[in-house]
Amino acid sequence: MYTQGLNSIDAHPTSAEDAEREARFQARIDADEKIEPNDWMPATYRRTLVRQISQHAHSEIVGMLPEGNWLTRAPSLRRKAALLAKVQDEGGHGLYLYAAAETLDVTREELVEQLLAGKAKYSSIFNYPTLTWADIGAIGWLVDGAAIMNQIPLCRCSYGPYARAMIRICKEESFHQRQGYEIMSTLARGTAEQKAMAQGALDRWWWPSLMMFGPSDKESQHSDASMRWKIKRFSNDDLRQKFVDATVPQGHALGLVFPDPQLKWNEASGHFDFGPIDWEEFRQVLAGNGPCSKDRMRARRKAHAEGVWVREAALAHAAKRRADEEAAKLAAE
Amino acid sequence: MTEANWPLFEVFIRSRGGMSHRHVGSLHAVDAEMALQNARDVYTRRGEGLSIWVVASSAIKASDPGEKDMLFDPANSKIYRHPTFYEVPEDVGNM
């Protein structure tokens, strides 16, 4: 999902003492206790969380770009206000998540630095372009729909600050998907040209949305530890299937056709069967070779660089005000 | 880049009249004034609050989770601090 880049394994040497503490730690997790920032935790648990939470945060922040592209061109004031609120939410979600990551002894600046240096990953989905207004509908409906599917189980994640951030995010996110679906259904019921726009957006976003859930379980090496630590509650493939099952009827209700000739209801399994995912495309996008990867990074670096003087001026102003207040206090004494 | 880091603040929000302020999260700001403004933007976009407190995180002294047992276990054995410890004759009714 927002943490697709977690597909690697940490070497992890353990001493006897660590093994004992790790057993106690695992017992707490098995008893469904939450782990809090000052509690002892295995170094790999901490590292996995920092990586996962920061990738998630970066995804929220980079995710503002494809939608921001349409803010000034939204077709009505209603749509514009909704989109603006949604993009604002994504910014807020990024902040909640950075704050959760920071409880694990890493600074915001380090995390941002990792993103800007190209060392940190973010979700592959945000490296695709938003070519038409219908893409904004498809993002809300499909991308946020997939995100919600992934995020709801994260509300029960074993790490307290992450779980609490996710509860907030899920509460706010439910409008995102509905506003996207509303855009799609308006277009789908519109003129032939509008309906074609909606269909085009579904064609473009369907497969990238399925890739959001990350590599197939057969290849996801990180899942075992994450499951054991209750950072993750469902496997990539289980979540992907849930998403397909929930979303296909919604698309049919719009009268749209999914770009997958193998997609069909399987009476025996009670699920929709779907065709193979182009994993080579996924790997390329994740490696930074997506259609908009360079643009996204350029935009983030530019925003960060152009904000330097603002951040410095704010600090200088605060220092000056503090000095003035102290001088005034001294003078009054 | 040699940028100085902005200090961290903890944010507390009173959600409704009559409720106490509750911790909702944290944020970075150059001073308390800005922390208050940012808290309003980040944590109250949907009418979540009537009042906000911000506290510099560095000003919080927290108990050590390692001392949890020493601090809180003694209360566990003092069941006479709870009303259910005391017997009241049934015919007296609720007390």
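Provided above is the structure to which this section pertains.
Values in this document were obtained by computation on a predicted structure and should not be read as measured data.

A. Highlighting the overall build of chain A. In terms of helices and strands, chain A carries 12 helices and 2 strands. Order of helices (α) and strands (β) in chain A, N terminus to C terminus: α-α-α-α-α-α-α-α-α-α-β-β-α-α. Since a compact globule built from 333 residues should have a radius of gyration of about 20 Å, the 22 Å found for chain A is in line with a globular shape. Structurally, chain A occupies a C-alpha span of about 75 × 55 × 35 Å along its principal axes. In chain A, which comprises 333 residues, the share counted as buried stands at 51%.

B. Summary view of the nonpolar core. All names here are of chain A. The biggest cluster of nonpolar side chains holds 50 residues, and the ones touching the most others in it are Trp 133, Leu 142, Met 184, Trp 205, Trp 206 and Phe 243. Listing elements by their share of this core, those giving two or more residues are helix H4 (77-102), helix H6 (133-154), helix H7 (160-188), helix H8 (192-211), helix H10 (236-253) and helix H11 (279-289). The leading source of residues in this core is H6, at 10 residues. With near-sequence residues (within four places) excluded, Leu 142 lies in contact with Leu 202, Trp 205, Trp 206, Ser 209, Phe 243 and Thr 247.

C. Representation of the interface of chain A and chain B within the structure. Across the boundary between the two partners, chain A contributes 25 residues, which contact 19 residues of chain B. With both chains or domains summed, chain A and chain B bury close to 1900 Å², and 53% of this area falls on carbon and sulfur atoms. For the chain A face of the interface with chain B, the top three residues by lost area are Glu 109, Arg 168 and Leu 315 of chain A, together amounting to 25%. The interface formed by chain A and chain B holds 6 salt bridges in total. A salt bridge links Arg 168 of chain A to Glu 48 of chain B, with the nearest nitrogen and oxygen atoms 3.9 Å apart.

D. Focus on the pairing of strand E1 (residues 8-14) of chain B. Residues and elements named next belong to chain B. Most of E1 sits out of view: 5 of its 7 residues are buried. Where E1 and strand E2 (residues 22-28) come together, 6 bridges link them in antiparallel fashion. Following the sheet pairing, Phe 9 is matched in E2 by Leu 27. Relative to strand E3 (residues 51-56), E1 is paired through 6 bridges, and the arrangement is antiparallel. Following the sheet pairing, Arg 14 is matched in E3 by Ser 51.

E. Here's a closer look at the side chain of Glu 172 of chain A. Here Glu 172 of chain A is to be found in helix H7. At 2.9 Å, the side chain of Glu 172 of chain A forms a polar contact with the side chain of His 93 of chain A. Polar side-chain contacts of Glu 172 of chain A include one of 2.8 Å to the side chain of Arg 45 of chain B. Setting aside chain neighbours within four positions, we find Glu 172 of chain A in contact with Asp 89, His 93 and Tyr 96 of chain A together with Arg 45, Arg 46 and Glu 48 of chain B.

F. Looking closely at the sheet that holds E3 of chain B. Residue and element names in this part refer to chain B. One open sheet holds the 3 strands; their spatial order is E2-E1-E3, and the pairing between them is antiparallel. The sheet is open, and its two edges are formed by E2 and E3, each paired on a single side. For this sheet the average axis-to-axis angle between neighbouring strands, irrespective of direction, equals 30 degrees. Its contacts with the sheet put helix H1 (residues 32-43) on E1, E2 and E3, and the angle it makes with E2 is roughly 115 degrees.

G. Summary view of the environment of Phe 25 of chain A. Residues and elements named next belong to chain A. Looking at the secondary structure, you find Phe 25 in helix H1 (residues 16-30). According to the relative accessible area criterion, Phe 25 is buried, its value standing at 3%. Once the C-alpha coordinates of Phe 25 and Pro 42 are considered, the two residues, 17 residues apart in sequence, prove to be 8.0 Å apart. The residues touching Phe 25, leaving out its near neighbours within four places in the chain, are Ile 35, Trp 40, Met 41, Pro 42, Tyr 45 and Trp 229.

Each value, and the rule that gives it
- Residues numbered from 1 in each chain as written.
- Chains lettered and ligands numbered in written order.
- Predicted model: local features only at pLDDT ≥ 70, side-chain atom pairs only at ≥ 80, totals over all residues.
- Heavy atoms only, no water.
- Helix = DSSP H or I, 4+ residues; strand = E, 2+ residues; numbered from the N terminus.
- Rg over C-alpha atoms; globule rule 2.2 N^0.38 Å.
- Buried < 20%, exposed > 50% of the residue type's maximum accessible area, 1.4 Å probe, protein only.
- Core = buried A, V, L, I, M, F, W, Y, C linked by side-chain atoms within 4.5 Å.
- Contact = heavy atoms within 4.5 Å.
- Buried area = accessible area lost by both parts, 1.4 Å probe.
- Salt bridge = Lys/Arg side-chain N within 4 Å of Asp/Glu carboxyl O.
- Pairing = 2+ DSSP bridges.
- Polar contact = N/O pair within 3.5 Å; in protein donor to acceptor, adjacent residues only side chain to side chain.
- Axes fitted to C-alpha atoms, helices over the stretch in contact; angles between N-to-C directions.

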